[in-house]
Amino acid sequence: MASKTTLNAKNLEALGTQRLAELLIEISTGSAASKRRLRIELAGNHGSAEVAREVRKRLVSIARARTFINWRKVKALKKDLETQRMTIVDTLAPQDPAEAFELVWQFLALGDSIFARSDDGSGTLIEIFHQACTDAGVIARLARVNTDFLADKIFAAVQDNGYGQYDRLITAMAPALGKDGLEQLKSLFEQLAKEPKDKSAQHERQVIGWSSKGPVYDDDFYGNHRELTVRVAFQEIADALGDVDAYIAQQPENTRKVPMIAADIANRLLVAGRAEEALTALDRVETRGRTDVPVEWQLARVKTLETLERGDEAQAYRWSCFEHSLNDQHLRDFLRRLPDFDDMEAEERAYGYVQAFPDANRALAFFLRWPSLEEAAKLVTTRQVELDGDLYELMTAAAEALQEKHQLAATILLRSMIDFTLSRARSSRYKHAARHLAECQALAPHIDDFGNAQSHDAYVAGLKYGHGKKQGFWKHLG
């Protein structure tokens, strides 16, 4: 049974409305975000019009702001934007979808003003706008927005997509547009494509950048940008209409040999029941001797072979891809299609292959993903000299995973990072290296046999002999 002091709705209700109101005033003092949330809740008691007024007022305020949004302020802005978005979606849309549609469009229009003054390296803010595009599509259907009007709004928005906030708009709006609306939107872009490019007189042309071919002029840049906008729009409209041939037509001939483009085309042809053509599209890519073939292309090829009932060939290709890349998805798919017991034998064969893989670090990453900690520990202890201590993310994750049952392997991984840091005099990592050494000391009593590795005391003595003058490291050790 929960304590009477546990924070839950039932216990808080017992405080009574007056005391709760006092607490909310106290808690919200000094917190603009909390005050905005409370005002929205209060507005809800007076109907959707009051809620809409509060949201609109806040959106206008955000649009007018000019303060730079550094990474420290992104979290607060995200919370503010999410509050407004969720109010539009959850509170307004069910009651007044037409008003909600206007507000979600006003929300999307904030993109330029926000991204022009923000540092969104993590992509946190752009995801909110992509979600708002999806919300707008749902609300447009609820509001039964006129499709011609909707097509015009989408057409204008997609042309002003400098920060990518409208990247998912056409796809999200497809259900609300329907076939007729999509055809109308397509015709608008067809008209745009036919418009002649603006060409300034030579003395009026502005240089906005440089390339290996020389200056980049503003009229050329914006002309190329328009062509790309039209092509992407046609692709999205073709997808929405289920017209795979129209989608393929938008891909320039030379790009159809790019693995990712070929995979996209093949996947669409498979959905359309045209597997032979899908394989032809994939075969246009030259893969012989290449080590950078993306897994998306490989998976598309496997799927195509399966669709064509060439299962044995698909299995052979899965294993070949696994051998070259150690991609665990290929191996999982390979094993899944084997009879009982055969899969266990094949898995053991795969383990042996990975243990002998030329790159020990990639092999270690595979065993962590699979996961097989026993095999990871075996790899670490037998190939310790090949471990790259500079790969600290991999080594740290592996050490953490192995430290409970495989203390020696965990110690070897920690030592690889310590050795790299000290041998390269990476002073920015000294603090971390000292922490790793302390972790080695904690693990040492749990290791009965160090094998061909040094004991902890011997290892520390070696560090003092080789790096005793690196006081920046030793000062971090208590």
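What counts as what
- Residues numbered from 1 in each chain as written.
- Predicted model: local features only at pLDDT ≥ 70, side-chain atom pairs only at ≥ 80, totals over all residues.
- Heavy atoms only, no water.
- Helix = DSSP H or I, 4+ residues; strand = E, 2+ residues; numbered from the N terminus.
- Rg over C-alpha atoms; globule rule 2.2 N^0.38 Å.
- Buried < 20%, exposed > 50% of the residue type's maximum accessible area, 1.4 Å probe, protein only.
- Contact = heavy atoms within 4.5 Å.
- Salt bridge = Lys/Arg side-chain N within 4 Å of Asp/Glu carboxyl O.
- Expected span 1.5 Å × (residues − 1).
- Bend = angle between axes of the 7 residues up to and from the residue.
- Phe/Tyr/Trp six-rings, centres within 6.5 Å; stacked < 30°, edge-to-face > 60°.
- Lys NZ or Arg CZ within 6 Å of the ring centre and 35° of its normal.
- Core = buried A, V, L, I, M, F, W, Y, C linked by side-chain atoms within 4.5 Å.
- Axes fitted to C-alpha atoms, helices over the stretch in contact; angles between N-to-C directions.
- Parallel < 35°, antiparallel > 145°, perpendicular 65-115°, else oblique.
- Nonpolar A, V, L, I, M, F, W, Y, C, P; charged D, E, K, R; others polar.
- Patch = residues over 30% accessible without salt bridge, like charges linked within 9 Å, V, L, I, M, F, W, Y side chains within 5 Å.
- Areas by Shrake-Rupley, 256 points an atom, 1.4 Å probe, with all protein chains shown as cover.
- pLDDT = per-residue confidence, 0-100.

### Topic: the overall build of the chain
Piece 1. Check the secondary structure of the chain and you find 25 helices and two strands.
Piece 2. Whereas a compact globule of 478 residues would reach a radius of gyration of roughly 23 Å, the chain reaches 30 Å, over 25% beyond that.
Piece 3. Across the 478 residues that make up the chain, the buried fraction comes to 41%.
Piece 4. The contacts of the chain with a sequence gap of at least 6 include a subset with a gap of at least 24, amounting to 61%.

### Quick word on the pattern of salt bridges
Piece 1. Per the counting criterion, the structure on display carries 27 salt bridges.
Piece 2. Note that aspartate 135 and arginine 85 form a salt bridge whose closest N and O atoms lie 2.5 Å from each other. Here aspartate 135, found in helix α8 (residues 124-143), pairs with arginine 85, found in helix α5 (residues 71-95); they are 50 residues apart in sequence, far enough to count as distant. In this structure, aspartate 135 and arginine 85 share a single accessibility class: buried.
Piece 3. Overlapping salt bridges bring together Glu50, Arg53, Glu54 and Lys57 as one network.

### What to know about the environment of alanine 263
Piece 1. Within the fold, alanine 263 resides in helix α13 (residues 259-271).
Piece 2. A C-alpha to C-alpha distance of 6.5 Å links alanine 263 and leucine 282, two positions 19 residues apart in sequence.
Piece 3. In contact with alanine 263, other than residues within four places in its own chain, are Leu282, Glu296, Trp297 and Ala300.

### So, helix α10 (residues 169-194)
Piece 1. For α10, with 26 residues, the first-to-last C-alpha span of 23 Å runs short of the 38 Å given by 1.5 Å per residue.
Piece 2. Most pronounced at glycine 178, the bend in α10 amounts to some 110°.

### Brief notes about the packing of aromatic side chains
Piece 1. Overall, the coordinates contain 16 aromatic pairs when judged by the stated rule.
Piece 2. Where tryptophan 319 meets phenylalanine 322, the ring centres are 5.2 Å apart and the plane angle is 55°; that geometry is what we call tilted. Pair noted here: tryptophan 319 and phenylalanine 322 are both in helix α16 (residues 311-325), with a separation of three residues, about one helical turn. Assigned by exposure class, tryptophan 319 and phenylalanine 322 land together as buried.
Piece 3. Of note, arginine 301 hangs over the ring of tyrosine 317, and the distance from its end group to the ring centre comes to 5.8 Å.
Piece 4. Over the aromatic face of tryptophan 370 sits the side chain of arginine 332, whose NZ or CZ is 4.3 Å from the ring centroid.

### Quick look at the nonpolar core
Piece 1. By size, the foremost hydrophobic cluster in this structure holds 55 residues, and its most contacted members are Leu81, Ile154, Met173 and Phe189.
Piece 2. Sorting the residues of this core by element identifies α4 (48-64), α5, α6 (97-108), α7 (111-115), α8, α9 (147-159), α10 and α11 (218-241) as the ones contributing at least two each.
Piece 3. The dominant element in this core, judged by the number of residues it contributes, is α10, at 11 residues.

### As for α16
Piece 1. Over its 15 residues, α16 runs 21 Å from end to end, which matches the ideal 21 Å to within 8%, given 1.5 Å per residue.
Piece 2. Listed in full, the buried residues belonging to α16 are Ala314, Gln315, Tyr317, Arg318, Trp319, Cys321 and Phe322.
Piece 3. On its buried face, α16 sits against α15 (295-307), α17 (328-336), α18 (342-355) and α19 (360-369).
Piece 4. Leucine 326 sits one or two positions beyond α16 and adopts a positive phi of about 55°.

### Focus on unusual backbone geometry
Piece 1. That bond from tryptophan 370 to proline 371 is cis: its omega, -10°, falls within 30 degrees of zero.
Piece 2. Relative to the assigned elements, proline 371 resides in the loop between α19 and α20 (373-382).
Piece 3. Its identity as a non-glycine residue notwithstanding, leucine 326 has a phi of 55°, on the positive side.
Piece 4. Mapping leucine 326 onto the fold places it in the loop between α16 and α17.
Piece 5. Phi is positive for phenylalanine 341, close to 75°, though the residue is something other than glycine.
Piece 6. In this structure, phenylalanine 341 sits in the loop between α17 and α18.

### Topic: the packing of helix α22 (residues 407-423) against helix α24 (residues 456-467)
Piece 1. Look at α22 against α24: their axes get within 11 Å of each other, and the N-to-C directions meet at 10°. As summarised for this structure, α22 and α24 are arranged roughly parallel, according to the angle between their axes. Along the contact surface, α22 presents Arg415, Ile418, Asp419, Leu422 and Ser423, while α24 presents His456, Tyr459, Leu463 and His467.
Piece 2. Grouping the constituent residues of the contact of α22 with α24 by class yields four nonpolar, three polar and two charged.

### Structural notes on a nonpolar patch on the surface
Piece 1. Nonpolar side chains collect at one region of the surface, where Leu7, Leu12 and Leu15 lie side by side and expose about 300 Å² of accessible area between them.
Piece 2. Of note, leucine 15 is situated in the loop between α1 (9-13) and α2 (17-28).

### Re the packing of helix α23 (residues 430-443) against α24
Any two packed helices are characterised by the angle at which their axes cross and by the distance between the axes.
Piece 1. Interhelical geometry of α23 versus α24 gives an angle of 155° and a closest axis separation of 10 Å. Classified by the angle their axes make, α23 and α24 are roughly antiparallel. Residue-level contacts link Leu437, Cys440 and Gln441 of α23 to His456, Tyr459, Val460 and Leu463 of α24.

### A few points about the environment of glycine 472
Piece 1. With respect to the helices, strands and loops of the structure, glycine 472 is situated in helix α25 (residues 471-474).
Piece 2. Sequence separation between glycine 472 and arginine 429 is 43 residues, and the spatial gap between their C-alpha atoms is 9.8 Å.

### Points about the confidence of the model for the chain
Piece 1. Across the chain, pLDDT averages 90, with 92% of residues at or above 70.
Piece 2. This model gives residues 219-223 a pLDDT under 50, and the stretch forms nine contacts once residues within four places in sequence are excluded.

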